[in-house]
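Here's the letter readout for the chains.
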Amino acid sequence: MDNCSMWLKSMQNGSIGEMRTKAFLIDRFWILERSVDIHGADFIIQRRLYGKNILDTELPRFGVIQAKFSENENTYHYISKEYVLDDENNPRKEFFVIINTGDEKEHRMFLLSAEDIFENFYLNKSNNKFTIPSKKVFSSMYEILNSKHSLDRIEDSIRCAEFYKNRNFLFSSLSSVKSSFDIILPEYKIDIENKFDCIPDFFKRQKEIAFDTILEIEKAHEYLKQFVESLDPAEGSCIAEKIDSIFGQKICLPDIFNEEFYYTSKHHKEVIDNMRTDGVLEKYILMRKCIIKEIQSFFINYPINDISRYHVHEIEVIYNPVSFEFKSIINSIRRIPEEEIYSQFNKFIKAEQGTIIFSWKIGILYDNHGCLKMNNCCLIDIMEKIYELKYYEGCEING
């Protein structure tokens, strides 16, 4: 292929990548146009905020999306460091790269955040650019399998970037009082008999006590500020625990530390990170939606009058234990013996990788359409068991 043909091919691929990316983004964001692209930002996007505009004092944060096209897994992309990292070398929350590949018969899209690029790709210090090999990108870890989920991720990141940008307007530092505690109106220095013997000395001691309290409040203010600015609930819980331990007996502050919330948040983040690393997060989310949809469909077509307190709902979920791809679900209603009515509310009849059989005693729970619905606690139990089987009990399959 001569130079002219290669140039045309490159231009064609670039146009395809841009058009596909624009079609993906336009469902959620306003896309701003500019005549000259000098910073490599193919798209500047803005959340649809109808009550704000770009002339506001606290203007809404823009998102920056670079659109790329990979002809095959041997294609490399290069992203300048300043697009990915800010002045303090933190990943920019508002920057993403979308890489397209494939023809009109089967095209695929991949979403990389600045954090993904920073943590998983090589920075060449000689030219200050991150190297993005397509072969590494072409994994389900980055592939866009659910448009809504990926658009939500971009929008939430821009919202976080707005929060960081505007937080200086929300807080101002307390300024320590710097004055002489001896200063008092001259009338009070006149030596006459009074109940406190020496008003200036007593007033000075009161000021010193008050000043010590100000210092404690300033320390508490800094910790409280860190807590409010935190975007990570687990990290925020650690700060809250520190506030409680340092100031609990000194200053009357609200009790914002909750140990159960801390461990729940920490576990939630761990679950997300594990599944995102393995490239199964979106399949896991899709499986949950499929289970809900199939159960709803089953209940809609099942006569409610045929269900009594002697009946249980049994669910058999079949899925791929490695990829978390949903395969099928079997719903059934069966009558239980009278002596089992007061036994366990729900139970796993079978729980192994790839197959879950779960039974729960039907309660009187209705949706907005008057149809029976599954108790949310049961759904949580099923999804948690699927995760636990893979990550806690089935390492041999993962390997």
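Counting restarts for each chain: residues are numbered from 1 in the order of the written sequence. Under the rules for a predicted model, residues below a pLDDT of 70 receive no local features and side-chain atom pairs below 80 are neither given nor counted, while totals for whole chains, interfaces and linings still include all residues. Excluded from the side-chain calculations are hydrogens and water; all other atoms, namely the structure's heavy atoms, are used.

Colleague: Help me out: how do you make sense of the overall build of the protein chain in this one?
Modeller: Numbering goes from the N terminus for both helices and strands, where a helix is a DSSP run of H or I of at least four residues and a strand is a run of E of at least two. The secondary structure content of the protein chain amounts to eleven helices and twelve strands. Contacts are assigned to residue pairs with any non-hydrogen atoms lying within 4.5 Å of each other. Here the contacts in the protein chain between residues at least 6 apart in sequence split such that 63% fall between residues at least 24 apart. Accessible surface computed for the protein chain: about 24900 Å², of which carbon and sulfur atoms make up 52%. Here the accessible surface of atoms and residues is derived via Shrake-Rupley with a 1.4 Å probe, and residues count as covered only by protein chains that are part of the display.

Colleague: Before we go on, may I ask you to explain a negative patch on the surface in this structure?
Modeller: Any residue with relative accessible area above 30% and no salt bridge may belong to a patch, with like charges joined within 9 Å and the nonpolar Val, Leu, Ile, Met, Phe, Trp and Tyr side chains within 5 Å. Any Lys or Arg side-chain nitrogen located within 4 Å of an Asp or Glu carboxyl oxygen qualifies as a salt bridge. Under this rule, positive means Lys or Arg and negative means Asp or Glu; His and the chain ends count for nothing. Working definition for charges: the position is that of NZ of Lys, CZ of Arg, CG of Asp or CD of Glu. On the surface, Glu241, Asp244, Asp255 and Glu259 cluster together to form a negatively charged patch. Tracing the chain through its elements places Glu241 in helix H7 (residues 233–247).

Colleague: Help me understand the sheet that holds strand S11 (residues 346–352), please; the structure alone is not making it clear to me.
Modeller: Within a beta sheet, neighbouring strands are joined by backbone hydrogen bonds and run either parallel or antiparallel to one another. One open sheet accounts for four strands, arranged S10-S9-S12-S11; its pairing is antiparallel. Of all the strands in the sheet, just strand S10 (326–335) and S11 have a single pairing partner and so form its edges. Between one strand axis and the next, the sheet turns by 15° as a mean value, whatever way the strands run. DSSP bridges decide pairing: two strands pair if at least two such bridges lie between them. In this sheet, strand S12 (residues 355–361) lies alongside strand S9 (residues 311–319) in antiparallel orientation, the contact comprising seven bridges. The residue of S12 that forms the bridge with Ile318 is Thr355. Across the face of the sheet, helix H9 (residues 281–300) comes into contact with S9, S10 and S12 while running at roughly 35° to S10. Fitted lines through C-alpha atoms give the axes, limited to the stretch in contact for helices. The angle between two N-to-C directions lies from 0 to 180 degrees.

Colleague: Explain the nonpolar core here, please?
Modeller: Grouped burial of nonpolar side chains is what soluble globular proteins tend to show. With 30 residues, the main nonpolar core has Met275, Met287, Ile291, Phe324 and Ile386 as its most contacted residues. Elements with a contribution of two residues or more to this core: helix H8 (259–278), H9, S9, S10, S12 and helix H10 (376–391). With eight residues, H10 is the largest single contributor of residues to this core. Once residues within four sequence positions are removed from consideration, Ile291 is found in contact with Val317, Phe326, Ile329, Leu379 and Met383. Core analysis: the second largest hydrophobic core is formed by 17 residues, Ile79, Leu85, Ala114 and Tyr142 among them. As used here, the term nonpolar core means buried Ala, Val, Leu, Ile, Met, Phe, Trp, Tyr and Cys residues forming a set that is joined through side-chain atoms within 4.5 Å. Under the scheme applied here, a residue whose accessible area is under 20% of the maximum for its type counts as buried, over 50% as exposed, and between as partly exposed, the area being computed with a 1.4 Å probe on protein chains only.

Colleague: Would you explain the sheet that holds strand S7 (residues 122–124) in this entry?
Modeller: Pairing within the open sheet is antiparallel, and its three strands lie in the order S4-S8-S7. Lying at the two open borders of the sheet, with one neighbouring strand each, are strand S4 (76–80) and S7. Neighbour-to-neighbour, the strand axes of this sheet turn through a mean angle of 35°, independent of strand direction.

Colleague: What am I meant to see in the environment of Asn346 here?
Modeller: Mapped onto the elements of the fold, Asn346 is located in strand S11. Of the residues examined, Asn346 reaches a relative accessible area of 16% and is grouped as buried. Sequence separation between Asn346 and Glu314 is 32 residues; the distance between their C-alpha atoms is 9.8 Å.

Colleague: Help me understand H10 in this model?
Modeller: Three or four residues apart is the spacing at which side chains of an α-helix point the same way, because the helix has 3.6 residues per turn. Between its first and last C-alpha, H10 extends 23 Å over 16 residues, near the 22 Å set by a 1.5 Å rise per residue. All of the buried residues in H10 are Cys378, Leu379, Ile382, Met383, Lys385, Ile386, Tyr387, Leu389, Lys390 and Tyr391. Each helix should span, by expectation, one fewer than its residue count multiplied by 1.5 Å.

Colleague: Even after reading the chapter, I still don't get the packing of aromatic side chains, so can you show me in this structure?
Modeller: Here a ring pair, both rings aromatic, is described through the centre-centre distance and the interplanar angle of the planes. A pair of Phe, Tyr and Trp rings is counted when the ring centres sit within 6.5 Å of each other, with Trp represented by its six-membered ring. The angle between the planes then sorts it: under 30 degrees is stacked, over 60 is edge-to-face, the rest tilted. For the structure on display, the rule yields ten aromatic pairs. An angle of 40° between the planes, with centres 6.1 Å apart, marks the rings of Phe121 and Tyr142 as tilted. Taken as a pair, Phe121 in the loop between helix H3 (114–120) and S7 and Tyr142 in the loop between helix H4 (134–137) and helix H5 (147–170) lie far apart in primary sequence, 21 residues in all. The burial state of Phe121 is the same as that of Tyr142; both residues are buried. Pairing Tyr387 with Tyr392 gives two aromatic rings, centres 5.9 Å apart and planes at 90°, and the pair type is edge-to-face. Overall, the relative accessible area of 3% leaves Tyr387 in the buried class. On the basis of relative accessible area, Tyr392 is assigned to the partly exposed category, the value being 46%. The rings of Tyr284, Tyr319 and Phe324 are connected pair by pair, giving a single aromatic cluster. We count a charge as sitting over a ring when the NZ of a lysine or the CZ of an arginine lies within 6 Å of the ring centre and within 35 degrees of the ring normal. Positioned above the aromatic ring of Phe121, the side-chain terminus of Lys136 is 4.8 Å from the ring centre. In this arrangement the basic side chain of Lys390 is found over the ring face of Tyr391, its NZ or CZ atom lying 5.6 Å from the centre.

These values are about where atoms sit, not about what they do.
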